[in-house]
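Here is what each chain is made of, one letter per residue.
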Amino acid sequence: MNYILAILLPPLSVLLTGRPILAILVFLIWVPALIFSGGLTHPMFILLAWFLIFHAREDRRDRRDLS
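All figures in this text were calculated on a predicted structure; none of them were measured in a lab. (Residues numbered from 1 in each chain as written. Predicted model: local features only at pLDDT ≥ 70, side-chain atom pairs only at ≥ 80, totals over all residues. Heavy atoms only, no water.)

Undergrad: So what exactly am I meant to see when it comes to a nonpolar patch on the surface here?
TA: Taken together, the side chains of Met1, Ile4, Ile7, Leu8, Leu9, Leu12, Leu15, Leu16, Leu47 and Trp50 present a nonpolar region at the surface, about 1000 Å² in accessible area. With respect to the helices, strands and loops of the structure, Leu16 is situated in helix H2 (residues 10-16). By relative accessible area, Leu16 is classed as exposed at 55%. (Patch = residues over 30% accessible without salt bridge, like charges linked within 9 Å, V, L, I, M, F, W, Y side chains within 5 Å. Areas by Shrake-Rupley, 256 points an atom, 1.4 Å probe, with all protein chains shown as cover. Salt bridge = Lys/Arg side-chain N within 4 Å of Asp/Glu carboxyl O. Helix = DSSP H or I, 4+ residues; strand = E, 2+ residues; numbered from the N terminus. Buried < 20%, exposed > 50% of the residue type's maximum accessible area, 1.4 Å probe, protein only.)

Undergrad: Can you walk me through the nonpolar core in this structure?
TA: It is characteristic of soluble globular proteins that their nonpolar side chains tend to be buried jointly. In this structure, Ala6, Val14, Ala23, Ala49, Leu52 and Ile53 together form the largest nonpolar core, which totals 6 residues. Of the residues forming this core, the biggest block, 3 residues, is contributed by helix H4 (residues 42-66). Ignoring anything within four residues of it in the chain, the contact list for Ala49 reads Ala6, Pro10, Ser13 and Val14. (Core = buried A, V, L, I, M, F, W, Y, C linked by side-chain atoms within 4.5 Å. Contact = heavy atoms within 4.5 Å.)

Rendered as structure tokens:
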């Protein structure tokens, strides 16, 4: 579900991965980028969100394996 949210609202998806400061920073860059580039930079934010989601899942998996 978070991957679909990353397509629509990357900053919210980053926030749900547990990185609030990065989510605020992404939001502050994402909104002007959408306005000024007409959405051409949106795929970059989608890839960033997907990478962070994947990384968070790997961290959870590693912590579970150590327990």
